[in-house]
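Observations on the model geometry
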Amino acid sequence: MKLLTHNFLTSNIIKGVKNGYPLSILPGKVEMKEVDFNPEFITRMLPKIEWSALQKAAKECGFEEGLPDTVGEEQLGDTDLLKRVHKALLEIEVVEGKLVCPESGREFPINNGIPNMLLNEDEV
């Protein structure tokens, strides 16, 4: 699971959960997988990214270095910054581990890079 994917996942669908974002990551196995750098893609994605959730996820995976506290429009031309964001969003891959709901503590397994967000009947 890439951190880009993680940034959009929530557990708000669980019955009674109002604060299901961001999910915590308990990484078991994390790999770096090289992806071609596309500055236009990163620039277009930045406004859609919840920055604090990305920072938290990168830190939980052991890669918090290089991400600034905030990113503004004036920084979109900074190629070095875009490369660091690219690395965090697209090259950090959680292969095995768990996602944890911040409110309920419900754990969702990650196997072979795929988060299983299926719920039990009593959770819907």
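Residues numbered from 1 in each chain as written. Predicted model: local features only at pLDDT ≥ 70, side-chain atom pairs only at ≥ 80, totals over all residues. Heavy atoms only, no water.

1. Quick notes on the state of the cysteines
Overall, the coordinates contain 0 disulfides when judged by the stated rule. Take C61: it sits in no disulfide, and the sulfur closest to it among the cysteines is that of C101, at 18 Å. According to the relative accessible area criterion, C61 is buried, its value standing at 9%. In this structure C101 comes out as buried when scored by relative accessible area, which is 2%. (Disulfide = S-S within 2.5 Å. Buried < 20%, exposed > 50% of the residue type's maximum accessible area, 1.4 Å probe, protein only.)

2. Description of helix α4 (residues 79-91)
Residues of α4 that are buried: L81, L82, V85, H86, A88, L89, L90 and E91. Tucked into the core, α4 has its buried residues touching α1 (3-6), β1 (24-32), α2 (39-45), α3 (51-60) and β2 (92-100). By the N-cap criterion, in which a side-chain oxygen at the helix start approaches the backbone nitrogen of a residue two or three places on, α4 is capped by D78, the distance to D80 being 3.1 Å. (Helix = DSSP H or I, 4+ residues; strand = E, 2+ residues; numbered from the N terminus. Contact = heavy atoms within 4.5 Å. Polar contact = N/O pair within 3.5 Å; in protein donor to acceptor, adjacent residues only side chain to side chain.)

3. Here's the deal with the pattern of salt bridges
Tallied over the entire structure, the rule returns 6 salt bridges. K33 is the partner of E31 in a salt bridge, and the nearest nitrogen-oxygen pair spans 3.7 Å. Residue K56 pairs with E60 through a salt bridge whose shortest N-O separation is 2.7 Å. Of this pair, K56 and E60 both sit in helix α3, 4 residues apart, which is roughly one turn of that helix. One connected set of salt bridges, linked through shared partners, spans K29, E31 and K33. (Salt bridge = Lys/Arg side-chain N within 4 Å of Asp/Glu carboxyl O.)

Just distances and angles here, no functional claims.
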